[in-house]
Amino acid sequence: MTYLRACSLSALQEDVPRRVELNGVPVAVVRTDEGVFAVNDICSHANVSLSEGEVEDCMIECWLHGSSFDLRTGKPSGLPATKPVAVYPVKIEGDDVLVSVNQES
């Protein structure tokens, strides 16, 4: 599994998504009180950026239609989205947030 540097840990504000692009893949990186998570930044229901939405209780909300996705599993909490978004492995090394977009879960 190859990990790429997404951003610095100190640059992440809690519950504020940050959009990065890794090997051409749009990724929303989010720091919560449960840890740091990385999901595909494109809503599975509409072609909009999830990183423009709000985060609460380890869920990221699509600002366009209101679907929320679990940052741990990628699963939507309800309609209109029915498909999950990809979740990417994250590891922290010092102040670096590393994400592997080669491996989805």
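Now for a look at the structure at hand. Predicted, not measured: the structure shown is a model, and the values here were computed from it.

**Considerations on the side chain of Thr 32**
As for its placement among the helices and strands, Thr 32 is situated in strand S3 (residues 25–32). At 2.9 Å, the side chain of Thr 32 and the backbone nitrogen of Glu 34 are in polar contact. Those residues in contact with Thr 32 that sit more than four places away from it in its chain are Glu 14, Asp 15, Phe 37, Val 55, Cys 58 and Leu 71.

**So, a negative patch on the surface**
A contiguous patch of negative charge, built from Glu 14, Asp 15, Asp 33, Glu 54, Glu 56, Asp 57 and Glu 61, is present on the exposed surface. Within the secondary structure, Asp 57 is located in the loop between strand S5 (55–56) and strand S6 (59–61). By relative accessible area, Asp 57 is classed as exposed at 64%.

**Considerations on the side chain of Asp 41**
By the secondary structure assignment, Asp 41 is in the loop between strand S4 (35–40) and S5. Residue classification places Asp 41 among the buried residues on the basis of a relative accessible area of 0%. Within polar-contact distance, the side chain of Asp 41 engages the side chain of Arg 19 at 2.4 Å. At 2.7 Å, the side chain of Asp 41 and the backbone nitrogen of Ser 51 are in polar contact. Excluding residues within four positions of it along the chain, Asp 41 makes contact with Arg 19, Pro 26, Val 27, Ala 28, Val 48, Ser 49, Leu 50 and Ser 51.

The rules we used
- Residues numbered from 1 in each chain as written.
- Predicted model: local features only at pLDDT ≥ 70, side-chain atom pairs only at ≥ 80, totals over all residues.
- Heavy atoms only, no water.
- Helix = DSSP H or I, 4+ residues; strand = E, 2+ residues; numbered from the N terminus.
- Polar contact = N/O pair within 3.5 Å; in protein donor to acceptor, adjacent residues only side chain to side chain.
- Contact = heavy atoms within 4.5 Å.
- Patch = residues over 30% accessible without salt bridge, like charges linked within 9 Å, V, L, I, M, F, W, Y side chains within 5 Å.
- Areas by Shrake-Rupley, 256 points an atom, 1.4 Å probe, with all protein chains shown as cover.
- Salt bridge = Lys/Arg side-chain N within 4 Å of Asp/Glu carboxyl O.
- Lys, Arg positive; Asp, Glu negative; His and termini not counted.
- Charge placed at Lys NZ, Arg CZ, Asp CG, Glu CD.
- Buried < 20%, exposed > 50% of the residue type's maximum accessible area, 1.4 Å probe, protein only.

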